[in-house]
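# What the coordinates show
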Amino acid sequence: MRIKSARPSENLLEELQSALSHGTVARRVETLRRVTDLFVGNAVDYSDDHIRVFDDVFQCLVEQIETSAKALLADRLAPIAAAPPKIIRTLALDEVIEVSGPVLSKSERLDEATLIEIARTRGQAHLKAISLRRILSEALTDVLVARGNEDVVQSTVGNPGARLSEESLTDLVIRAERDDDLASCIGLRPDLPRHHYLKLVAKASLSVRRKLAATHPELAEEVSSVVQQAAQRVRAAAMTKQTEMARALVKSLHDDGRLNEVQVTAFAEQGKFDETNAGLAALAGVTVETAETMMIESRTEGVLILAKVAGMQWPTVRAIITMREKLSGGPQTDMLTLRDAYEALRSSTAQQVLRFHRMQLGTTAPA
């Protein structure tokens, strides 16, 4: 360690003492500049004790100085990983975004608790600065998504270092139904779970269909067919390695005669959409694509139809519906009413509805 660079000179110490005791604002600002130069130039050499001394000095010097000087200090300290923590927190809590912004968006010295506190209490400019950080935890993105305006939300979703919780993703997919830009932003995330991606595509397809049909009513049927084919291509492109593995597992269980209602119930209770969907498709004798389409529809009738064709008991159906509601974020349905409807549904009726559904999709039973 270079002792000479680690200690301020006697002249600077005298100047500091004078500035703190009876110096003018201009004197404080000049002293702050010199102390900042000293710290930034030798930050890697300072011990924790030295950093604590600088922290106390900075805290004293920033009192009663102009905003521009604070903003300059924040801009210079923000990129330094070993910046004094107390002054970093002070700058981050400043109501003036020119002061807090650089620290909120760049400083790795700022602790998670302070970031969440600011995200919960400050305005949109502060939230936007936080959304630009290199890494955002799920707890932090939850607050940004819940409180942020359109600009903040899109900035958060577009940040590759942001981790999005299941709760935030559910909320975002619902909001994306009314916001094409947000839908595109979400859809481009490589970590977006398949069930959210499919719901996003399904809603976007419906929006496109309606717009084109309104513009060219004479081509409504053709437009519907084209959009449906496009959605199927996008769905195929969205196939992830995880989905392929899930389908392969279920196929193996089915081929070996080990796939049953108990296994599908377990998949549903564990929130495994791909496994549940593939298992339901196999037991109902339909393609996974057909089951997937019926599973992501807004109504629950599709699930009831497939389950009835598969000969499932109500507890299994309830587990599948519960999983579906948790993943989609939709309102909870009346299970008693659904149970009565399921028990009243005849297998022959379910088979007829399923055949009609296949005809609409242009699909056949799996080989």
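Residues numbered from 1 in each chain as written. Predicted model: local features only at pLDDT ≥ 70, side-chain atom pairs only at ≥ 80, totals over all residues. Heavy atoms only, no water.

What follows covers the packing of aromatic side chains. The full count for this structure, using the stated rule, is six aromatic pairs. Between Phe39 and Tyr46, the aromatic rings sit 5.8 Å apart at their centres with planes inclined by 15 degrees, giving stacked as the arrangement. Among the residues examined, Phe39 registers a relative accessible area of 0% and is labelled buried. Taken together, Phe39, Tyr46, Phe54 and Phe58 form an aromatic cluster joined through their ring pairs. Its guanidinium or amino end placed over the ring of Tyr342, Lys308 lies 4.2 Å from that ring's centre, counting from NZ or CZ. (Phe/Tyr/Trp six-rings, centres within 6.5 Å; stacked < 30°, edge-to-face > 60°. Buried < 20%, exposed > 50% of the residue type's maximum accessible area, 1.4 Å probe, protein only. Lys NZ or Arg CZ within 6 Å of the ring centre and 35° of its normal.)

Turning to the environment of Glu138, a few remarks are in order. Relative to the helices and strands, Glu138 resides in helix H10 (residues 138–147). Judged by its relative accessible area of 33%, Glu138 falls in the partly exposed class. (Helix = DSSP H or I, 4+ residues; strand = E, 2+ residues; numbered from the N terminus.)

So, on to the confidence of the model for the protein. Taken as a whole, the protein shows an average pLDDT of 83; of its residues, 79% reach a score of 70 or greater. Throughout residues 1–10 the model reports pLDDT below 50, and contacts reaching past four residues in sequence, or to other chains, amount to 15 contacts. (pLDDT = per-residue confidence, 0-100. Contact = heavy atoms within 4.5 Å.)

We now examine the nonpolar core. Within the largest apolar cluster, 42 residues are counted, with the highest numbers of intra-cluster contacts made by Phe39, Leu77 and Ile130. Those elements that place two or more of their residues in this core are helix H3 (25–42), helix H4 (48–61), helix H5 (67–77), helix H6 (85–92), helix H7 (97–106), helix H8 (112–121), helix H9 (124–131) and H10. Apart from residues no more than four positions distant in its own chain, Ile130 is found in contact with Leu104, Leu115, Ile118, Ala119, Leu136, Leu140 and Leu144. In terms of nonpolar packing, the next biggest core, distinct from the first, is built from 37 residues, Leu304, Leu306, Ile320 and Leu345 among them. (Core = buried A, V, L, I, M, F, W, Y, C linked by side-chain atoms within 4.5 Å.)

A separate point is the pattern of salt bridges. Tallied over the full model, the rule gives 17 salt bridges. Between Asp37 and Arg76 there is a salt bridge, with its nearest N and O atoms 2.6 Å apart. Here Arg76 lies in helix H5 and Asp37 lies in helix H3, a separation of 39 residues in the sequence. A salt bridge links Arg339 to Asp340, with the nearest nitrogen and oxygen atoms 3.9 Å apart. Arg339 sits in the partly exposed class, given a relative accessible area of 31%. Residue Asp340 is classed as partly exposed on the basis of its relative accessible area of 45%. Connected through shared salt-bridge partners, Glu30, Arg33, Asp37 and Arg76 make up one network. (Salt bridge = Lys/Arg side-chain N within 4 Å of Asp/Glu carboxyl O.)

Remark: helix H17 (residues 261–269) packs on helix H18 (residues 273–284), axes separated minimally by 8 Å, with the N-to-C direction vectors making an angle of 155 degrees. As far as their axial angle goes, H18 and H17 are roughly antiparallel. Relative to H18, the crossing made by H17 is left-handed. Facing H17, whose interface residues are Glu261, Val264, Phe267 and Ala268, H18 presents Glu275, Thr276, Gly279, Leu280 and Leu283. The residue inventory of the contact of H17 with H18, partitioned by class, reads five nonpolar, two polar and two charged. (Axes fitted to C-alpha atoms, helices over the stretch in contact; angles between N-to-C directions. Parallel < 35°, antiparallel > 145°, perpendicular 65-115°, else oblique. Left-handed = near helix turned anticlockwise from the far one by under 90°. Nonpolar A, V, L, I, M, F, W, Y, C, P; charged D, E, K, R; others polar.)

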